[in-house]
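This is what each chain is made of:
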Amino acid sequence: MNESILITGANAGLGKEVARQLALKKETKKVFLFCRNQVKAEAAKKYLEVQTGQKIFEIIIGDVADVDSVRRAVEKIKEPIDAIILNAGGMVGKMAGKMTPSGMNELAAANILGHVILVEELIKHDKLKKAVLYPSAEAILGVKMLGMKPVAMKTSSVDEFAGVLDGSYFGNKFDAVQAYGYVKYAATMWMLSMARRYPDLKFVVMSPGNTKGTLAPDNLPPAMKFLLKYFMMPVVFPVIGGMVHSLEVGAKRFVDGISDEQYKSGVFYASKEGKLSGDVVDQSTFYTDLKNTTFQDNADKAIHRFIK
């Protein structure tokens, strides 16, 4: 039972919907909205209070792509939190390949950097009591219909993971659509390593699946954005079945992931092989690299090369 939950990227899309669903659960006493923008955060808070009839939302301002910003945010958290949902991130748009001050590219920084700091700082200061959920993606296994190839690293060494994070792994042509799966793979392996390091906490990796009503299509290249938003999502995927679902369904995966005991620590849950919706299953049953503890630790070490 989680009485207090922090959600990053909580002012829109999945994050806001997760906050709404959590606020309607009896046991929820406080929901922290971790957002970059004060104005957008205030608007989300007002919306959520109206929608739920609850006055349990508290805003924390922080940017998950900025290490110092996250550390300052953690200092403002005075009470222990039961669970955190690391929702912020995504494909981040045209600037995905741009280098950040950390040395990570923007794609990796937005999806990994601040989340690692947030979790580790909360643990360090004894402010995290129960669970962490990280949203990964079926992109790791590849999405053939969208031209996304499965992640296929040669060695999953520390250097190779570091190359994914700074972009050098991809050579001169940085394709954010392909890089996205690799970045999510690195973050997933970090989470699985944390599950072994902190057995008293629950670390669940959960894909929201192919979810309508998110900003994800807007961050794709123009041609793919048009194809996905105006043809694949509304026309093709519903006909095929098991390929798309509502915002409410995608958010519920996160809510269940931190609340339901059937979801175990150290497991990456996502749709069945070849699907983007429907029931979730343990992805290591058909992507065996996820079970490799050396690969998990290599991802962790690579990430910490960029954290000062």
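Not measured: the values here are computed from a predicted model.

Novice: A description of the packing of helix α1 (residues 13–23) against helix α2 (residues 38–52) should follow, citing residues and the corresponding values.
Specialist: Running from amino to carboxyl end, α1 crosses α2 at an angle of 35°, the nearest separation of the two axes being 10 Å. Judged by the twist between their axes, the crossing of α1 over α2 is right-handed. Of α2, the residues touching α1 (which contributes Lys16, Ala19, Arg20 and Ala23) are Ala44, Tyr47, Leu48, Gln51 and Thr52.

Novice: Report on the pattern of salt bridges, specifying residues and quantitative values.
Specialist: Going through the model one piece at a time under the given rule, you end up with 11 salt bridges. Between lysine 30 and glutamate 58 there is a salt bridge, and its shortest N-O distance comes to 3.1 Å. Within this pair, whereas lysine 30 is found in strand β2 (residues 30–35), its partner glutamate 58 is found in strand β3 (residues 57–61), the two being separated by 28 residues in sequence. Its salt-bridge partner being aspartate 82, residue lysine 129 comes within 3.5 Å of it at the nearest N-O pair. In this pair, lysine 129 is assigned in strand β5 (residues 128–134) and aspartate 82 in strand β4 (residues 81–85), connecting sequence segments 47 residues apart. A relative accessible area of 3% means that aspartate 82 is categorised as buried.

Novice: Break down helix α3 (residues 67–76) for me, citing the residues and quoting the values.
Specialist: Among all positions of α3, only Val67, Ser69, Val70, Ala73 and Val74 are buried. Down the axis of α3, the sector holding all buried residues measures 160°, keeping them to one side. Projecting away from the buried face of α3 at angles above 90 degrees are the exposed residues Glu75 and Lys76. On the buried face of α3, the contacting elements are β2, β3 and α4 (106–124). Looking at where α3 begins, the residue whose side-chain oxygen comes 3.0 Å from the main-chain nitrogen of aspartate 68 is aspartate 66.

Cut-offs and rules
- Residues numbered from 1 in each chain as written.
- Predicted model: local features only at pLDDT ≥ 70, side-chain atom pairs only at ≥ 80, totals over all residues.
- Heavy atoms only, no water.
- Axes fitted to C-alpha atoms, helices over the stretch in contact; angles between N-to-C directions.
- Helix = DSSP H or I, 4+ residues; strand = E, 2+ residues; numbered from the N terminus.
- Left-handed = near helix turned anticlockwise from the far one by under 90°.
- Contact = heavy atoms within 4.5 Å.
- Salt bridge = Lys/Arg side-chain N within 4 Å of Asp/Glu carboxyl O.
- Buried < 20%, exposed > 50% of the residue type's maximum accessible area, 1.4 Å probe, protein only.
- Arc of directions from axis to C-beta.
- Polar contact = N/O pair within 3.5 Å; in protein donor to acceptor, adjacent residues only side chain to side chain.

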